[in-house]
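If you want the building blocks of each chain, they are given just below.
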Amino acid sequence: MPVEPTPPLTRLADRLRARPFEVDIALAALLGLGLLALFGATASYGPTEWLLSAGLLAPLAWRRRAPVPAAGVVVVTGLAELLLSDQFLAGNVAAPAMVYALAAYGPRWAARAGLGAGLVGAGLAALRYFGGYSFSSGPADLYGRGLLEVVVTAGGIGVLVLASWSMGMVRRGRLQREAALRERAQLLELERDQELRLAASTERARIAREMHDVVAHSLSVVIAQADGGRYAGRTDPEAAVGALEQISSTGRQALADMRSLLGVLREGDAQQFAPQPDVAAVPALVEDVRRSGLDVDLLTEGEPVEMAGGAQLAAYRIVQESLTNVLKHAGPASRAWVRLQWRADALEVSVLDDGRGAAAMLAPDGNGQGVIGMRERAVLHGGRLETGPRHGGGFGVHAVLPYRRRR
Ligand SMILES: Nc1ncnc2c1ncn2[C@@H]1O[C@H](COP(=O)(O)OP(=O)(O)OP(=O)(O)O)[C@@H](O)[C@H]1O
Ligand SMILES: [Mg+2]
């Protein structure tokens, strides 16, 4: 998509917005020069007037960065002006400008104080310049000029101050709304980031579980078959051929499972591509393990109930990993039982054996991903899973997988 070029004016505005302080300095300087050009040339400014003008106008550059100190300088200079000079200084426009700046950028108290100071200043200025009152030498011809004129002028300047203050307050509201919006946007972004990360880690855990169960199970069966075949090779060549067939079929199955998993990794959506094993595939699994040499029985109680695909896969993988663990940890002469109980509201899966049990747990030889993965699967589908050595020997895995997830 072609990117539209930014209009030059917008670009300029963006650039100016990025350096507010420099802009304020330039504005203050321009204002000062303009006013001096307008009034300074015609008026008879002495050094005092130049100094006072600078004291009034220079703080404008700091009106956003440090509004309170800047306003303080303007107030002090304004009072000095009343005492030291008898000319009306053009720089006095700094006063309403500072009232605006305090309302817009200062803390709340400063906004109010700015309004108060501005109104008092309006009165003082009216007295000084339109009432002819001299603050250094006392009343001159105040009553000669007329009180009404002073009051009207004070009112006029007061209205100007009030207008500046109101505009400042409007600006303040806008700034606050903008800040709130920005904060909200940042929060939203943060939330989205976290969600993404969470989704990624959930997905990683899911893939790790599948990898673990498929690979570890197949390899365990292959190893058991290869061990058996090695002995059989000498005495019973037919059994050895059977073992080799089992090894190759297990290997092929594992390869197919791995491919579908890798396909998921590459294509994204999981269940769409490969049909995943379900509870109905448990008998074949048990048969598989039985052929690899473990004496294992399957008992089913109750009528099978329709269950979500994910929960069915969880049940299958729990049986698979538990039987793999029996092959790996229970010791050679052990038996195992797989029991599927279709209860009223949940499928209960138990895999028990009469092997080494607690003794095997004293010297764990794997890396302990299997039980963690089984428990994650059960919890993911609203169920639970317990494992541990059984009273009287052997090991047991017991899982409950509800048909419907409770909210
Ligand atoms: N049937 C069992 N008989 C005896 N001990 C078992 C049995 N099943 C599991 N265990 C014990 O529980 C531990 C944890 O099992 P888990 O499946 O989590 O890990 P693992 O099989 O050792 O390694 P992994 O599954 O990650 O390859 C095992 O190391 C073992 O000590
Ligand atoms: Mg294991």
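Residues numbered from 1 in each chain as written. Chains lettered and ligands numbered in written order. Predicted model: local features only at pLDDT ≥ 70, side-chain atom pairs only at ≥ 80, totals over all residues. Heavy atoms only, no water.

Here's the deal with the overall build of the protein
And step 1. Counting its secondary structure elements, the protein contains 13 helices and 5 strands.
And step 2. Taking 22 Å as the expected radius of gyration for a compact globule of 407 residues, we find that the protein reaches 43 Å, considerably beyond that expectation.
And step 3. Here the protein holds 407 residues, and the buried ones make up 37% of them.
And step 4. The long-range fraction of contacts in the protein, counting pairs at least 24 apart against all pairs at least 6 apart in sequence, stands at 71%.
And step 5. Positive and negative side-chain charges of the protein, numbering 43 and 41 respectively, have mean locations separated by a distance of 7 Å. (Helix = DSSP H or I, 4+ residues; strand = E, 2+ residues; numbered from the N terminus. Rg over C-alpha atoms; globule rule 2.2 N^0.38 Å. Buried < 20%, exposed > 50% of the residue type's maximum accessible area, 1.4 Å probe, protein only. Contact = heavy atoms within 4.5 Å. Lys, Arg positive; Asp, Glu negative; His and termini not counted. Charge placed at Lys NZ, Arg CZ, Asp CG, Glu CD.)

Side note on the coordination of the magnesium ion (ligand 2)
For a metal bound by four donors in tetrahedral geometry, the ideal donor-metal-donor angle is 109.5 degrees, whereas six donors in octahedral geometry ideally sit at 90 or 180 degrees.
And step 1. Those protein atoms acting as donors to the magnesium ion (ligand 2) are Glu321 (OE) and Asn325 (OD1), and they sit at 2.1 Å. Of this pair, glutamate 321 and asparagine 325 are both found in helix H11 (residues 309-329), 4 residues apart, which corresponds to roughly one turn of the helix. Residues glutamate 321 and asparagine 325 agree in their burial class; the two are buried. (Donors = N, O, S within 2.8 Å, 3.2 Å for Na, K, Ca; no water.)

Observations regarding helix H10 (residues 282-291)
And step 1. Considered for burial, the residues of H10 that qualify are Val282, Leu285, Val286 and Val289. Angularly, the buried residues of H10 cover 100 degrees about the axis, an arc narrow enough to put them on a single face.
And step 2. In this structure, the buried side of H10 is in contact with helix H8 (147-235), strand S1 (295-301), H11 and strand S2 (335-342).
And step 3. Residue glycine 293 follows H10 closely and has a positive phi angle near 115 degrees. (Arc of directions from axis to C-beta.)

Details of a nonpolar patch on the surface
And step 1. There is a patch of nonpolar side chains on the surface, built from Met211, Val215, Leu219 and Ile223 and spanning about 320 Å² of accessible area.
And step 2. Along the polypeptide, isoleucine 223 turns up in helix H8. (Patch = residues over 30% accessible without salt bridge, like charges linked within 9 Å, V, L, I, M, F, W, Y side chains within 5 Å. Areas by Shrake-Rupley, 256 points an atom, 1.4 Å probe, with all protein chains shown as cover. Salt bridge = Lys/Arg side-chain N within 4 Å of Asp/Glu carboxyl O.)

A word on the pattern of salt bridges
And step 1. Taken as a whole and judged by the stated rule, the model has 17 salt bridges.
And step 2. Residue aspartate 213 pairs with arginine 377 through a salt bridge whose shortest N-O separation is 3.1 Å. In this pair, aspartate 213 sits in helix H8 while arginine 377 sits in helix H13 (residues 369-380), placing the two residues 164 residues apart along the sequence. Here aspartate 213 matches arginine 377 in class, with each residue buried.
And step 3. It is possible to trace a salt-bridge network through shared partners that takes in Glu210, Asp213, Arg317 and Arg377.

Focus on the UniProt feature "transmembrane region" (unreviewed entry) in the protein
And step 1. Listed under "transmembrane region" (unreviewed entry) in the UniProt record, and renumbered for this structure, are residues 25-46, 109-130 and 150-170.
And step 2. Structurally, residues 109-130 is divided into 100% helix and 0% strand, and its ends, taken at the C-alpha atoms, are 31 Å apart.
And step 3. Measuring from the first to the last C-alpha atom of residues 150-170 gives 30 Å, for a span that is 100% helix and 0% strand. (UniProt positions renumbered as here; feature names shortened; annotations may be inferred.)

Points about the packing of aromatic side chains
And step 1. This model, assessed by the stated rule, comprises 2 aromatic pairs.
And step 2. Measuring from ring centre to ring centre gives 6.2 Å for tryptophan 342 and tyrosine 403, while their planes differ by 20 degrees; the resulting arrangement is stacked. Highlighted residues: tryptophan 342 in strand S2 and tyrosine 403 in the segment after strand S5 (395-402), separated in sequence by 61 residues.
And step 3. The exposure class of tryptophan 342 is buried, given its relative accessible area of 11%.
And step 4. One Lys or Arg, arginine 65, reaches over the ring of phenylalanine 21 and ends 3.8 Å from the middle of that ring.
And step 5. Positioned over the ring face of tyrosine 231 is arginine 230, at 5.8 Å from the centre of the ring. (Phe/Tyr/Trp six-rings, centres within 6.5 Å; stacked < 30°, edge-to-face > 60°. Lys NZ or Arg CZ within 6 Å of the ring centre and 35° of its normal.)

Focus on the sheet that holds S2
Sheets are built from strands that pair by backbone hydrogen bonding, the pairs being arranged parallel or antiparallel.
And step 1. Taking strand neighbours across the sheet as the criterion, the 5 strands line up as S1-S2-S3-S5-S4 in an open arrangement whose pairing is mixed. Looking at which strands have only one partner, the edges of the open sheet turn out to be S1 and strand S4 (384-389). Neighbour to neighbour, the strand axes of the sheet diverge by 10 degrees on average, direction disregarded.
And step 2. As defined by bridge partners, strand S3 (residues 346-353) adjoins S5 across 8 bridges and the pair is classed as antiparallel. When the bridges of S5 are listed, leucine 347 appears paired with leucine 401.
And step 3. Against the sheet, H11 makes contact with S1, S2, S3, S4 and S5, and its axis sits at roughly 5 degrees relative to S3, the strand it touches most.
And step 4. Here H13 sits on the sheet in contact with S4 and S5, set at roughly 150 degrees to S4. (Pairing = 2+ DSSP bridges. Axes fitted to C-alpha atoms, helices over the stretch in contact; angles between N-to-C directions.)

Observations regarding the site of ligand 1
And step 1. Lining the immediate environment of ligand 1, one finds 18 residues, of which His212, Asn325, Asn367, Gln369 and Val371 sit closest.
And step 2. Within the side chain of aspartate 353, one N or O atom sits 2.8 Å away from a nitrogen atom of ligand 1.
And step 3. In this structure, glycine 368 approaches ligand 1 through a main-chain N or O atom, which is 3.3 Å from an oxygen atom.
And step 4. In the complex, the protein chains occlude 93% of the 600 Å² of accessible area that ligand 1 would expose alone.
And step 5. Every element with two or more residues in the shell around ligand 1 is listed here: H11, helix H12 (358-362) and H13.
And step 6. Per-class residue counts for the shell around ligand 1 are 6 nonpolar, 9 polar and 3 charged. (Near = heavy atom within 4 Å. Polar contact = N/O pair within 3.5 Å; in protein donor to acceptor, adjacent residues only side chain to side chain. Nonpolar A, V, L, I, M, F, W, Y, C, P; charged D, E, K, R; others polar.)

Brief notes about the pairing of S1
And step 1. The sheet contact formed by S1 and S2 spans 7 bridges and is parallel. Bridging across to S2, leucine 298 finds its partner in valine 338.
And step 2. Traced from S1 through H11 to S2, the parallel crossover comes out left-handed. (Right-handed = clockwise from strand over helix to strand, strands pointing away.)

Some thoughts on helix H6 (residues 108-130)
And step 1. Its 23 residues give H6 an end-to-end C-alpha distance of 32 Å, which sits within 8% of 33 Å, the value for a rise of 1.5 Å per residue.
And step 2. Among all positions of H6, only Ala110, Ala111, Gly114, Leu115, Gly118, Ala122, Ala125, Ala126, Arg128 and Tyr129 are buried. (Expected span 1.5 Å × (residues − 1).)

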